[in-house]
Amino acid sequence: MKWPGAFKLRLPRRGRKRGLLVLLLAMLTPLGWGGFQLHRLDVLPIAGETRLFSVEAGVMAPRLVEQLAVRPVSRFWLSIWLRLNPELTQVRAGTYRVEQGWNLRQALRLFVSGKEATFSVTLVEGARIEDWLQTLREAPHVRQTLPVNATGLAAELQIGKPRVEGLLLAETYAYTVGTRDVDILLRARQHMQEYLAEAWPKRAANLPYKSPYEALIMASIIEKETGLPEERPRIASVFINRLRLGMRLQTDPTVIYGMGARYDGNIRKRDLQEATPYNTYVIVGLPPTPIAMPGRSAIAAALHPDITDDLYFVAKGGGAHHFSKTLAEHNAAVRRYILGQP
């Protein structure tokens, strides 16, 4: 018995095209769905307003996506998306500022960069260490480790002096969430050391300082005597001229510092006559330590004073001073600006 030839299914031409189209669609549909899911993750917004967001140590990228996404995401497609974007998985612990309207990719890029949210605190010129400690207590997100007063602070900051005034540089310091207050002061100490190491060798010739520390003492007095940067070199010249002539400095801020907590806003005659190490109406030369935290401008003035013959100055209003070369001229200025006499 003979069998007929092999059976062949013959479809009309139109049927073949339709079959191929169905097959192609069947193949492309999962790819299209996958592409849609991956694109959805690319542009999916994060939830919430602009805020600080903390990435804890050891937390993985999928967990962060779950915490941030504005709506739930598929773990399957998330794992695919992260495999295709491995650069988004190396997140670093820290506290970051995420912006409203960001998408997941933007947030993860920030966490990978390690660029934490920063804040700043200004440790102002002319203040005492107690003032700076109060400023640090009020600064947001600073971790408090220091006592209210300055007891033991010199040892904490590795300062071999009895007081820390003058040895920390007054300026604005940036920090991140959880930075310790002592670490900010240690940076202020380091900045002062670096600035002095550069500025001291460039000082003017023949200054009456035996050491950089004495220059800091002078800078702290200049800082307290005027808030006008343009006056500081001339204020410095007055005090340097007095030191060279063996005259007492006779500056009220040193008296106030020596009075400590007894100072109530007034200096009396008995205060000017009191024998303290800081009373420059009594002692000759500089006090034993700086009396305030100087900034760069005051230190520069102490190291590069104006060249003048001035020996006196008196406040004339608006923060400015009148300078005099002789006592007679100075007394006339006192009558005019202090007593209001012609």
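The rules behind these values
- Residues numbered from 1 in each chain as written.
- Predicted model: local features only at pLDDT ≥ 70, side-chain atom pairs only at ≥ 80, totals over all residues.
- Heavy atoms only, no water.
- Helix = DSSP H or I, 4+ residues; strand = E, 2+ residues; numbered from the N terminus.
- Expected span 1.5 Å × (residues − 1).
- Buried < 20%, exposed > 50% of the residue type's maximum accessible area, 1.4 Å probe, protein only.
- Contact = heavy atoms within 4.5 Å.
- Phe/Tyr/Trp six-rings, centres within 6.5 Å; stacked < 30°, edge-to-face > 60°.
- Lys NZ or Arg CZ within 6 Å of the ring centre and 35° of its normal.
- pLDDT = per-residue confidence, 0-100.
- Core = buried A, V, L, I, M, F, W, Y, C linked by side-chain atoms within 4.5 Å.
- Lys, Arg positive; Asp, Glu negative; His and termini not counted.
- Salt bridge = Lys/Arg side-chain N within 4 Å of Asp/Glu carboxyl O.

Undergrad: How do you make sense of helix α9 (residues 232–245) when you look at a structure like this?
TA: Given 3.6 residues to a turn, an α-helix orients residues that are three or four positions apart in the same direction. Between its terminal C-alpha atoms α9 stretches 20 Å, which fits the 20 Å expected from 14 residues at 1.5 Å a residue. For α9, the buried fraction is high: eleven of the 14 residues fall into the buried class. Within α9, burial applies to Arg232, Pro233, Ile235, Ala236, Ser237, Val238, Phe239, Ile240, Asn241, Arg242 and Leu243. Looking at the buried positions of α9, the neighbouring elements they touch are α8 (212–225), α12 (296–303), β5 (312–317) and β6 (320–324).

Undergrad: Got a minute to help me understand the environment of Arg97 in this structure?
TA: Mapped onto the elements, Arg97 comes out in strand β2 (residues 94–98). Accessibility expressed as a relative area gives 36% for Arg97, which makes it partly exposed. Separated by 13 residues in the primary sequence, Arg97 and Leu110 have C-alpha atoms spaced 8.9 Å apart. Among residues more than four places away in sequence, those in contact with Arg97 are Thr50, Arg51, Leu52, Trp102, Leu110, Ala117, Thr118 and Phe119.

Undergrad: Looking at this structure, I do not really get helix α7 (residues 181–199). What am I missing?
TA: Across its 19 residues, α7 extends 27 Å between first and last C-alpha, which sits within 8% of the 27 Å expected from 1.5 Å per residue. Residues of α7 that are buried make contact with β3 (118–122), α5 (129–138), α6 (153–156), β4 (172–176), α8 and α12.

Undergrad: Would you mind going over the packing of aromatic side chains with me for this structure?
TA: By convention here, two paired aromatic rings are described through the distance between centres and the angle between planes. Inspection of the entire model under this criterion finds seven aromatic pairs. Summarising the aromatic geometry, the rings of Tyr96 and Phe111 are spaced 5.1 Å apart at their centres and angled 50 degrees between planes, so their arrangement reads as tilted. Here Tyr96 is found in strand β2, whereas its partner Phe111 is found in helix α4 (residues 104–113), with 15 residues between them in sequence. Phe111 carries the same exposure label as Tyr96, and that label is buried. Considering the side-chain rings of Phe239 and Phe313, the 5.7 Å spacing of their centres and the 80 degrees angle between planes classify their relative orientation as edge-to-face. One end of the pair, Phe239, is in helix α9; the other, Phe313, is in strand β5, and 74 residues separate them in sequence. The exposure class assigned to Phe239 is buried, which follows from its relative accessible area of 1%. The class for Phe313 is buried, based on a relative accessible area of 16%. Through successive ring pairs, a cluster of aromatic residues spans Phe53, Tyr96 and Phe111. The ring of Tyr213 carries the charged tip of Lys161 above its face, separated from the ring centre by 4.2 Å.

Undergrad: How should the confidence of the model for the protein be read in this particular structure?
TA: Low pLDDT means the predicted coordinates in that region are not meant to be read closely. Predicted confidence across the protein gives a mean pLDDT of 88, with 89% of residues reaching 70 or more. For the stretch residues 1–9, pLDDT sits under 50, and the model shows zero contacts to residues farther than four places along the chain or on other chains.

Undergrad: Sorry, what's going on with unusual backbone geometry here?
TA: Among all residues save glycine, negative phi is the norm, and among peptide bonds the norm is trans. Despite not being glycine, His141 has its phi angle at roughly 70 degrees, a positive value. Looking at where His141 falls in the secondary structure, it is placed in the loop between α5 and α6. Of note in this structure, Asn206 is not a glycine but carries a positive phi near 60 degrees. Summarising the element assignment, Asn206 is placed in the loop between α7 and α8. Classification of Asn206 as exposed rests on a relative accessible area of 68%.

Undergrad: Any chance you could explain the nonpolar core here in plain terms?
TA: If you look at soluble globular proteins, the nonpolar side chains tend to sit buried side by side. Counting 62 residues, the largest nonpolar core has Ile129, Trp132, Leu168, Leu185, Met218 and Ile299 as the members making the most contacts within it. Listing elements by their share of this core, those giving two or more residues are β3, α5, α6, β4, α7, α8, α9 and α12. In contact with Met218, other than residues within four places in its own chain, are Tyr209, Phe239, Ile240, Leu243, Leu286 and Ala302.

Undergrad: It is not clear to me how the side chain of Asp271 should be interpreted in this structure. Could you clarify?
TA: Secondary-structure assignment places Asp271 in helix α11 (residues 269–273). Arg268 provides the closest opposite charge to the buried, salt-bridge-free Asp271, at an N-O distance of 4.1 Å. Dropping the residues within four chain positions of it, Asp271 is found in contact with Val255, Met259, Arg262, Asn266 and Asn279.

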